[in-house]
Amino acid sequence: MRERKNKYLDLFLTFMEIGAFTFGGGYSMIPFIDEICVEKKKWITQEQMGNILVIAESTPGPMAINCSTFVGYLKGGMTGAFLATTGVVLPSFFIILLIAMFLDHFLEITIVANAFKGIKIAVGILILNAAFNMIKRQKKEMIPQLILYGAAVVMLLINLFSWNFSSISLLLIAGLFTLVLYLIHCFLFQKGGDRL
């Protein structure tokens, strides 16, 4: 019983720390969640982290909250999911509450405005770092690589030429394409057959 309480407390405090010391939203939290939950604490495997990221991106809600919920669930069931989610949300909630209560023009303060400019650059680097780490760890199979690089090229073209095309539509197309490939694979190969 005591070990279970310690596990839940550890989950809550870990995600509270992640929530308190990361800026820039969900994508900037990915490297910290990965480093702490996979590398340091060994709560989940790298493959599970990859699956969590796909699910967290595909489901409604902020990326960091979804990741926290799924990691918490894998580590401690529904209680773990609740505590991890609460832990990652509380620091931001209290910081925003304090700003709203005491600082009417918070972003107009010169030091704060300059700090946020620097934070934007750091967040961009963190997101790029997370993307490169995920690409490096991805299994070197042909079909997933084609989907990854194909989607990246399409998104780059959409941004470069300012085409009116939603990234959600691209996500759904990639998901549908993968589902069709999976169904073809299941139809052609019996369970335990070769992978595509």
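In this text, all values refer to a predicted model and were calculated from it rather than measured experimentally.

Asker: Teacher, can you tell me more about the side chain of threonine 85 here?
Answerer: Looking at the secondary structure, you find threonine 85 in helix α4 (residues 63-102). According to the relative accessible area criterion, threonine 85 is buried, its value standing at 19%. The residues contacting threonine 85, other than those within four sequence positions of it, are Ile65, Ser68 and Thr69.

Asker: I tried to follow the confidence of the model for the chain on my own but got confused; where do I start?
Answerer: Regions with low pLDDT carry predicted coordinates that are not meant to be interpreted in detail. This prediction gives the chain a mean pLDDT of 82; 90% of its residues lie at or above 70. No element of the chain has a lower mean pLDDT than helix α5 (residues 110-137), which averages 76, and none a higher one than α4, which averages 89.

Asker: Got a minute to help me understand the pattern of salt bridges in this structure?
Answerer: Working definition: two side chains of opposite charge can pair if their charged atoms are close together. This structure, assessed with the given rule, holds 2 salt bridges. The salt bridge involving aspartate 10 is made with lysine 41; its shortest N-O contact spans 3.1 Å. Residue aspartate 10 is located in helix α1 (residues 2-20), and its partner lysine 41 is located in the loop between α2 (26-40) and α3 (46-58); the two are separated by 31 residues in the primary sequence. The class for aspartate 10 is partly exposed, based on a relative accessible area of 29%. The salt bridge partner of glutamate 35 is lysine 40, with a shortest N-O separation of 3.6 Å. Judged by relative accessible area, which is 37%, glutamate 35 ranks as partly exposed.

Asker: Quick question: what am I supposed to make of α3 here?
Answerer: Along an α-helix, a turn takes 3.6 residues, which lines up residues three or four apart on a common side. The terminal C-alpha atoms of α3 lie 19 Å apart, and with 13 residues this matches the ideal 18 Å at 1.5 Å per residue to within 8%. Those residues of α3 that sit buried are Met49, Ile52, Leu53 and Ala56. Take α3 and look down its axis: the buried residues cluster within an arc of 100 degrees, on one side only.

Asker: Help me understand the nonpolar core in this model?
Answerer: Generally speaking, soluble globular proteins have nonpolar side chains that are buried together. Core analysis: the biggest nonpolar cluster contains 22 residues, and Phe15, Ile33 and Val71 have the highest contact counts within it. When contributions to this core are tallied by element, the ones reaching two or more residues are α1, α2, α3 and α4. What phenylalanine 15 contacts, discounting residues up to four positions off in sequence, is Ile33, Cys37, Trp43, Ser68, Val71, Ala84, Gly87 and Val88.

Asker: What should I look at first to understand the packing of aromatic side chains in this one?
Answerer: A ring pair, where both rings are aromatic, is described by two values, the distance of the centres and the angle of the planes. One pass over the structure, following the stated rule, counts 3 aromatic pairs. Centre to centre, the rings of phenylalanine 15 and tryptophan 43 are 6.5 Å apart; their planes meet at 25 degrees, and the pair counts as stacked. Taken together, the residues phenylalanine 15 in helix α1 and tryptophan 43 in the loop between α2 and α3 connect sequence positions 28 residues apart. Considered together, phenylalanine 15 and tryptophan 43 belong to a single accessibility category, that of buried residues. Geometrically, the ring pair formed by phenylalanine 93 and phenylalanine 94 is edge-to-face, given 5.3 Å between the ring centres and 70 degrees between the ring planes.

Calculation notes
Residues numbered from 1 in each chain as written. Predicted model: local features only at pLDDT ≥ 70, side-chain atom pairs only at ≥ 80, totals over all residues. Heavy atoms only, no water. Helix = DSSP H or I, 4+ residues; strand = E, 2+ residues; numbered from the N terminus. Buried < 20%, exposed > 50% of the residue type's maximum accessible area, 1.4 Å probe, protein only. Contact = heavy atoms within 4.5 Å. pLDDT = per-residue confidence, 0-100. Salt bridge = Lys/Arg side-chain N within 4 Å of Asp/Glu carboxyl O. Expected span 1.5 Å × (residues − 1). Arc of directions from axis to C-beta. Core = buried A, V, L, I, M, F, W, Y, C linked by side-chain atoms within 4.5 Å. Phe/Tyr/Trp six-rings, centres within 6.5 Å; stacked < 30°, edge-to-face > 60°.

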